[in-house]
Amino acid sequence: MTVLDHLGFGCVALSTLASPRASRDLLEGVFELGLRHFDTAPIYGRGYSEILLSEFLRGKRDKVSVATKFGMSPSRRPRLPSGLAMRLNTLRRRLRPPARPSPVETSPPIRPPATRRRIGRAELEASFDSSCRALGTDHVDLYLLHEEVPSALEPAAVDFLQELRASNRVRQLGLAANGSRYLDLEPADLAPWNVLQYEFGPAWPAHAGLLRQFPAKTHIFHSCLRGVSPTAASGTEPGRVLAGCLAANPSGRVLFSSTNLAHVRANLRVIGG
Ligand SMILES: NC(=O)c1ccc[n+]([C@@H]2O[C@H](COP(=O)([O-])OP(=O)(O)OC[C@H]3O[C@@H](n4cnc5c(N)ncnc54)[C@H](OP(=O)(O)O)[C@@H]3O)[C@@H](O)[C@H]2O)c1
C-alpha cells in the first residue's frame, strides 16, 4: 500500500472542461500519476460526469475503483453528445460568469430535520441500471446514498442494495451526506453500510469527531480544500491540507478534484505520492 491507495479523484468538474478529449487527457494524466479511485454521481455535470468517466474507463475498468451514488439524479438523462454539451457549457459560462463562492461555513452545524424523502426499490433499480449504462460497467466498487440518511430508504430498497452487494455488482455500500447528518446516528443505524463519506478539513471542524464516533467504518473525506484561500492555493498549501487529512485518516481515503493536471502533480509532490 502506498499513499496513492488512500487518495481518490473527484469527477464533479469534468463537464466544465472544454471537451471530452480534455476530460480524457486529465483522467489519463491522473491515472499515470498513480490515482486509482474515481468518485462520480448521476447528478454531477447533469449526468455528463458518469459519461465522461466511462470514456476513460474503457480498457482499464479492472485497474480502477469507481464510486457512484444514488438518491439524487438529474431530472433528465443527458440527451446531447458530451462534446456539444461541453461547448454549450463553455459558451454559457462566458455569457454568465459563475457567482462568487459563498463564505465558508465554520459555525456549528444546524441539525437538519429528519428526512421526508422516500426512496423505493423501483427508483433504486432504475438508478443503478442508469449509472451502469452511463459508466459502461456491470459493477460499481462503492455505491453511496447521496445527501440522504438511511431512514429515507424503504425496506425493499435496502434489500435491493444487499442483493447488489451479495451478487458483487456492488462491492461496498456507503453514505455520502453532509457530515453533520451523521452526528445523531447510532452505530446500529449504520449496520448495512461500509463507508461514511463526508467533508473534512479546516472548514469542517464539527466533523472531526466522526472518526472516533464510528471507528468500525471506512471514512472517506472530501471538500478538504474548501476554505484554502486563493493566494495560498497557488502554492503548496492545498497539498499540505490534503496531507493533513490523510494523516488524520490513515486507513480511509481522501478525495480531491481539480481541472488542472499541474495542480494534481503539485498536490502529489507535497503529499509524497
Ligand atoms: N456528497 C458527497 O459525497 C460529495 C460532496 C462533494 C464532493 N464530493 C466529491 O469530492 C470531490 C472533491 O470535492 P470538491 O471538488 O468539493 O473539493 P476539493 O477537492 O476540496 O476542492 C477542489 C478545488 O480545489 C482546487 N485545487 C485543487 N488542487 C489545487 C492546487 N494544487 N492549487 C490550486 N487549486 C487547487 C480545484 O481547482 P482547479 O480545478 O483549478 O485545480 C478546485 O476548485 C468531488 O469531485 C466529488 O467527487 C462528494
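Look up a bit, the structure's there.
None of the values given here were measured: they were computed from a predicted structure.

Draft legend 1. Local environment of the site of the ligand. As a structural note, the neighbourhood of the ligand is formed by 23 residues, with D39, S257, S258, T259 and H263 the closest of them. D39 is positioned with one of its side-chain polar atoms (N or O) 2.6 Å from an oxygen atom of the ligand. At 2.8 Å from a nitrogen atom of the ligand is found a side-chain nitrogen or oxygen belonging to N267. The fraction of the free accessible surface of the ligand (890 Å²) that becomes covered by protein chains is 79%. Of all the secondary-structure elements, those providing two or more residues to the shell around the ligand are β8 (253-256) and α9 (261-271). Across the shell around the ligand, the residue classes break down as ten nonpolar, ten polar and three charged.

Draft legend 2. Region of the structure containing the packing of helix α1 (residues 20-32) against helix α2 (residues 48-57). Put simply, α1 and α2 touch, their axes get as near as 9 Å, and they point 55° apart. Put simply, α1 runs oblique to α2. Viewed along their axes, α1 and α2 form a crossing whose handedness is right-handed. Contacts between α1 and α2 involve P20, S23, R24, L27, E28 and F31 from the former and L52, L53, E55 and F56 from the latter. Of the residues belonging to the contact of α1 with α2, the class tally is six nonpolar, one polar and three charged.

Draft legend 3. Expanded view of the sheet that holds strand β6 (residues 195-199). Around the barrel, which closes on itself, the eight strands sit in the order β1-β2-β3-β4-β5-β6-β7-β8 with parallel pairing between neighbours. Along the sheet, successive strands turn relative to each other by an average axial angle of 25°, direction set aside. As defined by bridge partners, strand β1 (residues 7-10) adjoins strand β2 (residues 37-39) across two bridges and the pair is classed as parallel. When the bridges of β2 are listed, F9 appears paired with F38. Set on the sheet, helix α4 (residues 121-135) makes contact with β3 (65-70), β4 (140-146) and β5 (170-176); between it and β3 the angle comes to about 145°.

Draft legend 4. How the structure looks around the environment of A85. Looking at the element boundaries, A85 is found in helix α3 (residues 82-95). Taking relative accessible area as the criterion, A85 reaches 13% and is therefore assigned buried. Each C-alpha atom of the pair A85 and A18 lies 9.8 Å from the other, and the pair is 67 residues apart in sequence. Beyond its immediate stretch of four places on either side in the chain, A85 contacts Y48 and L80.

Draft legend 5. Representation of the side chain of K69. By the element assignment, K69 lies in strand β3. Within the local environment of K69, its side chain forms a polar contact with the side chain of D39, the two groups lying 2.7 Å apart. A polar atom in the side chain of K69 sits 3.0 Å from the side chain of Y44. Every residue in contact with K69, bar those within four places of it in the chain, is listed here: D39, T40, A41, P42, Y44, S127, S131, Y143, L144, H146, A176 and Q197.

Draft legend 6. Spatial organisation of a nonpolar patch on the surface. Residues L80, L84, L88, L91 and L95 make up a contiguous nonpolar surface patch of roughly 450 Å² in combined accessible area. Along the chain, L88 falls in helix α3.

Draft legend 7. Quick peek at the packing of helix α8 (residues 237-248) against α9. It is the contact of α8 with α9, at a shortest axis distance of 8 Å, that shows an interaxial angle of 50°. In terms of axis orientation, α8 runs oblique to α9. Remark: the crossing between α8 and α9 carries right-handed chirality. Contacts between α8 and α9 involve P238, G239, R240, L242, A243 and L246 from the former and N267, V270 and I271 from the latter.

Draft legend 8. Fine view of the state of the cysteines. Evaluated as defined, the whole model comprises zero disulfides. The thiol of C132 is unpaired, and the distance to the nearest cysteine sulfur, on C11, comes to 16 Å.

Cut-offs used in this document
- Residues numbered from 1 in each chain as written.
- Predicted model: local features only at pLDDT ≥ 70, side-chain atom pairs only at ≥ 80, totals over all residues.
- Heavy atoms only, no water.
- Near = heavy atom within 4 Å.
- Polar contact = N/O pair within 3.5 Å; in protein donor to acceptor, adjacent residues only side chain to side chain.
- Areas by Shrake-Rupley, 256 points an atom, 1.4 Å probe, with all protein chains shown as cover.
- Helix = DSSP H or I, 4+ residues; strand = E, 2+ residues; numbered from the N terminus.
- Nonpolar A, V, L, I, M, F, W, Y, C, P; charged D, E, K, R; others polar.
- Axes fitted to C-alpha atoms, helices over the stretch in contact; angles between N-to-C directions.
- Parallel < 35°, antiparallel > 145°, perpendicular 65-115°, else oblique.
- Left-handed = near helix turned anticlockwise from the far one by under 90°.
- Contact = heavy atoms within 4.5 Å.
- Pairing = 2+ DSSP bridges.
- Buried < 20%, exposed > 50% of the residue type's maximum accessible area, 1.4 Å probe, protein only.
- Patch = residues over 30% accessible without salt bridge, like charges linked within 9 Å, V, L, I, M, F, W, Y side chains within 5 Å.
- Salt bridge = Lys/Arg side-chain N within 4 Å of Asp/Glu carboxyl O.
- Disulfide = S-S within 2.5 Å.

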